[in-house]
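Per-entry structural report
What follows is each chain in one-letter form.
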Amino acid sequence: MNKDLEIARLAAREGVRVIKEYRKDGITIQEKGFHDLVTDADLAAEKAILAVITENFPDDDILAEETANSDSLSENRTWIIDPIDGTTNFAHDFPIYCVSVALWENREPRVGVVIEVNRDEEFTAVAGGGAYMNGTKIAVSSTSIPRNGFVATGFPYNDLSLVDPYLRLFRVLMEELQGIRRPGAASYDLCNVACGRFDGFYEYSLHIWDMAAAALIIHEAGGTVTDWNGGKGWPFGQRVIAGNMHFHAYLLEKINEYIPAESRKNVG
């Protein structure tokens, strides 16, 4: 097994272990910003994940949600970590939240692991090596017709500047698609695109730790990930579209039609 993947899986599993302990024993919840929660489980899980990584790769850089000083990435080997993606779900005991661990180098993803804690679904990928769920190879869907489409999105919690055009777009998609869902954890949404459950996904106000692992998993499953202009600015641009070839193109077209050009620009 690729050693980087082995350590990423080990670190993610250690995060899962800590989360389950806190879920059983009780958690403390704080607000770190507008509608932006953090729990003591987030902090403890991040600490446990970092301990595994730094023990094995002490010279690598770290970009972790709860301890990051800035949203920036060097060309060094960098571990990008979200200890609990879906903290609001977790805080309310709603059963969709994930641990996400990724390794990037030269600003490109090399390894990705996402574990949905309650279903114990482990999604993994190594660049050039395909994508897997619990050891079984996965691929994006082949759905091409909008009326058969099943798409996920997110409802931004701390940046409400695009609510009006976002809701106009949402209405159109409700009319044209078979269904839209909002699970509340972007890494899991993206992994569900990778394994063909969802045909596409779009959201804004995301951070790189929400997507760093799952974007690689989608790519290795045959899918596409871009920003809202079809470019490569998604890691720090806070705007993402993902899907199979057909639904990525469909969502890109709809976003360009209903979201003003100024609002489609990457933030970072």
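Structural data are supplied above this passage.
Calculation notes
- Residues numbered from 1 in each chain as written.
- Predicted model: local features only at pLDDT ≥ 70, side-chain atom pairs only at ≥ 80, totals over all residues.
- Heavy atoms only, no water.
- Phe/Tyr/Trp six-rings, centres within 6.5 Å; stacked < 30°, edge-to-face > 60°.
- Helix = DSSP H or I, 4+ residues; strand = E, 2+ residues; numbered from the N terminus.
- Buried < 20%, exposed > 50% of the residue type's maximum accessible area, 1.4 Å probe, protein only.
- Expected span 1.5 Å × (residues − 1).
- Contact = heavy atoms within 4.5 Å.
- Polar contact = N/O pair within 3.5 Å; in protein donor to acceptor, adjacent residues only side chain to side chain.
- Patch = residues over 30% accessible without salt bridge, like charges linked within 9 Å, V, L, I, M, F, W, Y side chains within 5 Å.
- Areas by Shrake-Rupley, 256 points an atom, 1.4 Å probe, with all protein chains shown as cover.
- Salt bridge = Lys/Arg side-chain N within 4 Å of Asp/Glu carboxyl O.
- Pairing = 2+ DSSP bridges.
- Axes fitted to C-alpha atoms, helices over the stretch in contact; angles between N-to-C directions.
- Disulfide = S-S within 2.5 Å.
- Core = buried A, V, L, I, M, F, W, Y, C linked by side-chain atoms within 4.5 Å.

What follows is about the packing of aromatic side chains. Within the structure shown, the criterion is met by eleven aromatic pairs. Centre to centre, the rings of F90 and Y97 are 5.0 Å apart; their planes meet at 75°, and the pair counts as edge-to-face. When the centroid spacing of 6.0 Å and the interplanar angle of 75° are considered together, the rings of Y204 and W228 count as edge-to-face. In this pair, Y204 is assigned in strand β12 (residues 200-204) and W228 in the loop between β13 (224-226) and α7 (234-237), connecting sequence segments 24 residues apart. Grouping residues by exposure puts Y204 and W228 together as buried.

An ideal rise of 1.5 Å per residue puts 33 Å on 23 residues; helix α1 (residues 3-25) measures up with 33 Å between its terminal C-alpha atoms. Buried residues of α1: D4, L5, I7, A8, A11, A12, G15, V16, V18 and I19, and no others. Check the buried side of α1 and you find it contacts α2 (40-56), β4 (78-85), α3 (87-91), β5 (98-105), β6 (108-116) and β7 (121-126). For α1, the side-chain oxygen to backbone nitrogen distance between the N-cap and D4 is 2.8 Å, and the N-cap itself is N2.

This paragraph deals with a nonpolar patch on the surface. A surface patch of nonpolar side chains, amounting to about 240 Å² of accessible area, comprises L160, V163 and L167. Of note, L160 is situated in the loop between β10 (150-153) and α4 (163-176).

What follows is about the sheet that holds strand β9 (residues 136-137). Taken in spatial order, the seven strands line up as β3-β4-β5-β6-β7-β8-β9 in an open sheet, and their pairing is mixed. Whereas interior strands pair on both sides, the edge strands pair on one side only; in this sheet they are β3 (61-64) and β9. Examined bridge by bridge, β3 and β4 share four bridges and lie parallel to one another. Pairing of L63 across the sheet is with I80, part of β4. Docked against the sheet, helix α6 (residues 208-220) engages β3, β4, β5, β6, β7 and β8 (131-133), running at close to 100° with respect to β6.

Its identity is not glycine, yet R107 carries a phi of approximately 60°, on the positive side. Position of R107 relative to the elements: it lies in the loop between β5 and β6. In this structure, N134 is a non-glycine residue whose phi angle is positive, near 50°. Of note, N134 is situated in the loop between β8 and β9. Its relative accessible area of 46% is what places N134 among the partly exposed residues.

Evaluated as defined, the whole model comprises zero disulfides. No disulfide involves C98; its sulfur sits 6.8 Å from that of C191, the nearest cysteine. On the basis of relative accessible area, C98 is assigned to the buried category, the value being 0%. Of the residues examined, C191 reaches a relative accessible area of 0% and is grouped as buried.

Moving on, we come to the pairing of β6. The buried fraction of β6 is high, at seven of nine residues. Looking at chain direction, β5 and β6 are connected through eight bridges and run antiparallel. The residue bridging W104 from the neighbouring strand is P109, located in β6. Hairpin connection, β5 to β6: the antiparallel pair is bridged by two residues, and N106 has positive phi, about 55°. Alignment of β6 against β7, held across six bridges, turns out to be antiparallel. When the bridges of β7 are listed, V111 appears paired with V126. Between β6 and β7, which pair antiparallel in sequence order, lie four residues; one of them, D120, sits at a positive phi of approximately 55°.

Let us look at the nonpolar core. Core analysis: the largest hydrophobic core is formed by 40 residues, its most contacted members being I80, W104, V114, F123, F201, I208 and I217. Counting only elements with at least two residues in this core, the list comes to β5, β7, α5 (186-194), α6 and β14 (239-243). Here this core gets ten residues from one element, more than from any other, and that element is α6. Setting aside chain neighbours within four positions, we find I217 in contact with G112, V114, F123, T124, A125, A131, I138, C191 and A194. Among the nonpolar cores identified, the runner-up in size contains 31 residues, and A45, L50, A64 and I84 belong to it.

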